[in-house]
Amino acid sequence: MVEEKEKKFLTVAPFQCAWRKDLKFREAGRGCVAFDAFAHNDVTLVFRENVGSQHYHYKRDNSPHYTVILGSHRNRRLKIEVDGKTVVDAEGIGLCCSSAFQSYWICIYDGLISVGKGRYPFQNLVFQWLDSNPNCTVQYVGLSSWDKHVGYRNVNVLPLPHNHMLLWKQVDSGEHGDREDCEVELEDERTDDDKWGLENYLESWELADMFFVVDNGERLVPAHKVILQASGTFPVSFSSEDVVMLQDVIYPILHALLQFIYTGYTQISESQLGALWALSLQFKVMPLAKLCEETVERFKLNKKLFDSGKNVELLFPNSRPHSCTTFPFGLPINVQKLKKLHSAGEYSDANIYVEGYGLVARPHKVILSLWSVPFAKMFTNGMTESSSSEVYLSDVSPAAFMIMLDFMYSGEISLEDTLDFGSLLLQLLLLADKYGISLLYQECCRTLLECLSEDSVCSILLAVSSIPTCKLIEETCERKFAMHFDYCTTASCDFIWLDKKTFSSIIQHQDLTVTSEERVLNAILMWCMRARELFGWEMVDQLMENSTPDLIFKERLQYLNDLLAFVRFPLLPYLLLKKLGQSNLSKHVKSFDNLVSEGFNYVEYGLASAESDRKIRFQHRRSSYKELQYICDGDSNGVLYFAGTSYGEHQWVNPVLAKRISITASSPTSRHTDPKALVSRTYQGTSFAGPRMENGNKCAWWMVDIGKDHQLMCNYYTLRQDGSRAYIRFWNFQGSSDGNSWTNLRLHEDDQTICKPGQFGSWPVTGPNSLLPFRFFRVVLTGRTTDTSDPWNLCICFLELYGFFR
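What counts as what
- Residues numbered from 1 in each chain as written.
- Predicted model: local features only at pLDDT ≥ 70, side-chain atom pairs only at ≥ 80, totals over all residues.
- Heavy atoms only, no water.
- Helix = DSSP H or I, 4+ residues; strand = E, 2+ residues; numbered from the N terminus.
- Buried < 20%, exposed > 50% of the residue type's maximum accessible area, 1.4 Å probe, protein only.
- Contact = heavy atoms within 4.5 Å.
- Pairing = 2+ DSSP bridges.
- Axes fitted to C-alpha atoms, helices over the stretch in contact; angles between N-to-C directions.
- Arc of directions from axis to C-beta.
- Salt bridge = Lys/Arg side-chain N within 4 Å of Asp/Glu carboxyl O.

As for the overall build of the chain
Here is step 1 of the chain: A tally of regular secondary structure across the chain gives 28 helices and 32 strands.
Here is step 2 of the chain: Burial status across the chain gives 50% buried among its 806 residues.
Here is step 3 of the chain: For the chain, restricting intrachain contacts to residue pairs at least 6 apart in sequence, the fraction spanning at least 24 positions comes to 68%.

Listed below in C-alpha cells is the structure:
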C-alpha cells in the first residue's frame with residue numbers, strides 16, 4: 001500500500017538552490033519545513049514568495065526572502081539573512097554534523113523564525129528570531145548550499161499545529177531566550193503522561209513482584225524482577241513473589257542502588273560509597289560499579305573533592321542525550337538482555353490473548369504500564385486484569401501488537417519494508433493512538449509522511465480521518481490527494497468511501513491539480529453514487545433515462561448540490577458544455593443546469609459580472625500545469641524551448657530533431673520550408689510555408705504538435721519575420737485537441753506590428769479560450785501579405801508558445 005521507503009537523497013552542489021513544486025507553505029508566511037541534512041557545513045534554506053533561481057548565490061535575487069544557514073563559518077555559527085542582509089549571526093547554535101544525516105525543522109509564522117533539531121517538529125527548539133518588519137508572503141522553500149555539497153532527504157512541508165502559539169511564548173520583545181529557558185517552558189506544556197517514567201515505579205508496591213529485606217529484617221523494599229535482571233544479576237526465581245534477604249545492608253545503600261537503576265542517577269555520602277560499590281559488584285550492576293570505582297580513584301588523587309561534605313553524585317552516561325526521558329535509554333538497562341527476557345517470557349506476569357488468535361505474547365505489566373496509561377489503569381485500578389495475568393484484547397492486529405511490544409522493550413520500531421508494510425504501519429498507528437503511546441504514535445506519523453504515495457493516500461485518509469489526534473496526517477494526505485487528483489480518482493475507486501467533509505476538503509483544496517474540470521465532475525458523481533467502478537458523466541446521463549436522481553444517488557443526493565458548486569464549469573470546453581446542457585442531468589438536477597448555463601454563457605458570450613469574475617470557479621487551477629511565462633521576444637522560457645531541453649532535464653537540442661514535438665506546414669518540406677528551422681535558435685533568412693486550398697479558400701499555415709501526452713493553455717505567442725518583406729497582416733492563431741477542429745485563440749485583422757525583416761512580434765492570448773488546453777497550435781494566413789509577387793507565402797522563421805503546460 002505504501003511505497004518502499006525512498007533510499008535516495010537530494011544532493012545540492014555548491015552555490016546551487018533546488019526548488020520543488022511541492023515544497024510550498026499551505027498559507028503564505030506560515031509553515032514549517034522538516035528535513036534531514038548531511039553536510040560538513042552551511043545547510044542553507046531559502047524562503048521566497050515564488051520559486052527562485054537554481055543558481056541562487058550567483059544571480060543576486062532582489063525579491064524579498066529569508067535565508068537560514070545552519071553551520072555557517074565552517075560550522076561555527078547560525079545565520080539568518082533578510083533580503084541578503086545578515087540579521088542574526090549567533091555562535092554555536094544548530095550546527096551540522098558531517099558524520100551522518102541529522103534532523104532539523106524550521107518554522108516561520110508571521111516573521112517569527114524558529115529553528116529546531118530532532119525528528120519531531122515543534123519540539124527541541126534551539127533558536128528563535130522575530131522580524132520587526134515581517135515578510136508575510138514567503139511560501140516556497142529552496143534547498144541550498146554554500147561552498148560544499150549538502151545532502152537532503154525526508155523533506156516535508158507541514159502546516160502549523162493548532163498550538164503554534166507555544167512558539168510565541170519563547171519570544172520576549174523580539175529577542176530569543178536562553179535555550180535552557182526555552183526547554184523548561186516547553187516542558188511545562190507537556191502533559192503528566194509525557195513525564196511518566198520508570199522513576200514512578202521506584203520502590204512502589206504497584207506491579208512489584210519481589211522485595212528486599214534490609215536493616216536487619218526491619219524494612220521491606222519492593223522492586224520488579226524484569227527491571228533488575230535487565231540491569232544486572234539478582235538472586236530471583238520465576239515464582240510469583242521473591243524475597244531477597246540482604247544481611248548487613250542498610251536502606252540508604254539499597255535505595256541508592258535502586259535509584260540508579262530506575263532513574264539513571266543517584267547520590268550517596270562519601271562514607272557509604274564503598275558499600276554501594278560492593279553491592280553493585282554483588283549484583284553485577286556494572287555501570288554503577290564502574291562509576292563508584294572511578295569516583296574512589298578521583299578521591300584518592302584529590303581528597304579535597306569531598307571536603308565540602310556534599311553527597312557524591314553518580315550519573316549514568318546516556319549515549320542518547322536527546323532520548324533520556326525515553327525508556328530504556330538514559331538508564332543502566334541492557335536493552336539486548338531486556339529484549340531476550342521479553343522474547344523468552346521470563347518473569348512475565350501477563351498473558352495477552354487477541355480475539356480470534358489466542359495467546360500472542362507474555363510481556364511484563366510494568367513495561368506496558370511505563371508506556372501506556374490505559375494499560376497502567378487496567379493493571380492497577382481494580383479491573384479483572386489487576387488480579388489476574390490474563391488479558392483479552394479485541395479488534396487488534398497481532399502483527400502490529402507484537403511490533404508495539406517490541407517498541408516498548410527497545411524504544412525503537414522494528415518494521416521491515418515488506419509488501420504489507422503500509423497496512424502494518426497504519427495498524428500500528430491506530431494501536432499507538434488507542435493505548436496512548438505518544439512516542440510510537442509520533443514515529444508512525446513521521447514514517448507515514450515519509451512514505452506517503454498516491455497509491456496509499458486514500459487508504460491512510462480512510463483510517464485517520466476519524467482520529468482527532470491525526471489532524472496533521474489528515475491535512476497532509478488531503479494535500480497529497482489534491483495534488484494527484486487524477487490518479488487518486490482513477491487508479492482506484494476507494495475514494496468513494498471518504499466521508500463528505502474529507503472529500504469536500506479535497507475538491508476545494510488550493511493545491512488541487514487536475515487536467516480537466518471534467519475529471520472533478522466525474523469524481524463528484526462517482527462519490528455521490530458510491531460507484532464501484534470507474535466511469536464518467538455520460539454513464540450517469542444514460543442511467544437517468546430510466547431512473548431518477550433520488551434512486552441513483554440515494555442518501556448522498558443531499559450532498560450533490562453542494563459539491564457541484566466546486567466544479568469550475570466556465571473552464572470546460574464549449575462543446576462539452578453544450579452536451580452537458582442537453583443532458584438528462586441538466587433536465588433532472590436544477591443546480592446542475594444553472595451551473596452549466598453560467599459556464600456556457602461565460603464561454604460563448606463572455607457574460608460574467610465583475611463580481612463573478614472574482615469568484616473562484618472562474619479562476620483557472622494553475623497548479624495543474626507548469627507555468628512557462630513570456631518575458632521578452634526570443635527568450636528561452638517558452639514551451640518549444642522547454643521541450644528541447646527534454647522538459648528541463650538536459651541541454652537544449654532542437655526539439656524536432658529530438659522528436660519531442662513535430663511541425664508541419666501547408667506546403668511540402670523543402671530547403672525553405674524546413675520544420676526544424678522554425679524552432680531553431682539560429683536566424684533563417686528565407687523560411688516560409690506556401691499556400692494551399694482548403695474548403696475552397698486559399699491559405700497557408702505552420703502547425704505545431706506538442707505531443708499526445710502534453711497540453712498547453714496558451715496565453716502568449718511569438719513570431720519572427722524572415723529576411724523578406726512579405727509582412728503578414730491578416731492571420732489567426734488557433735488551437736486544437738485533435739488537429740482537425742480548430743478554435744481561434746487570437747484574430748489579427750490588418751495587424752501592422754511586423755514592418756521590417758527579422759523583426760519579432762509577440763501577442764497575448766486573452767479571454768475564456770486562453771483557459772482551454774490544446775495539443776495542436778497553428779498560425780494560419782487568412783489574407784494577403786504585403787508582398788505583391790507571392791502574397792500567400794507565410795514567411796516566418798521562428799515560433800514560440802507560452803502559458804500553462806502539462
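Some details on the sheet that holds strand β16 (residues 219-223)
Here is step 1 of the chain: Taking strand neighbours across the sheet as the criterion, the three strands line up as β16-β15-β17 in an open arrangement whose pairing is mixed. Two strands in the sheet have a free side with no partner beyond their single neighbour: β16 and β17 (242-245). Here the average twist between neighbouring strands, direction ignored, is 25°.
Here is step 2 of the chain: The pairing of strand β15 (residues 210-214) with β16 spans five bridges and is antiparallel. In the sheet register, Val213 faces β16, and the bridge partner there is Leu220.

Observations regarding helix α16 (residues 457-464)
Here is step 1 of the chain: Among all positions in α16, only Val457, Cys458, Ile460, Leu461 and Val464 are buried. What you see down the axis of α16 is that its buried residues fit within an arc of 160°, all on one side.

A few points about the pattern of salt bridges
Here is step 1 of the chain: Here the structure, examined in full by the defined rule, presents 17 salt bridges.
Here is step 2 of the chain: Linking Asp36 and Arg446 is a salt bridge whose minimum nitrogen-to-oxygen distance equals 3.1 Å. Of this pair, Asp36 sits in strand β3 (residues 30-39) while Arg446 is found in helix α15 (residues 438-451), placing the two residues 410 residues apart along the sequence.
Here is step 3 of the chain: Under the relative-accessibility criterion, Asp36 is labelled buried at 4%.
Here is step 4 of the chain: Take Arg446: its relative accessible area is 11%, and that puts it in the buried class.
Here is step 5 of the chain: Close ionic contact of Lys500 with Asp562 constitutes a salt bridge, the shortest N to O distance being 3.8 Å.

Concerning the sheet that holds strand β10 (residues 125-130)
Here is step 1 of the chain: Ordered in space as β1-β12-β3-β8-β9-β10, the six strands form an open sheet in which the pairing is antiparallel. Strands at the two margins of the open sheet, each flanked by one partner only, are β1 (10-12) and β10. Adjacent strand axes in the sheet meet at a mean angle of 25°, parallel and antiparallel pairs treated alike.
Here is step 2 of the chain: For β3 and strand β12 (residues 150-158), the ladder comprises seven bridges, and the chain directions are antiparallel. Bridge pairing in β12 places Ala34 opposite Asn156.

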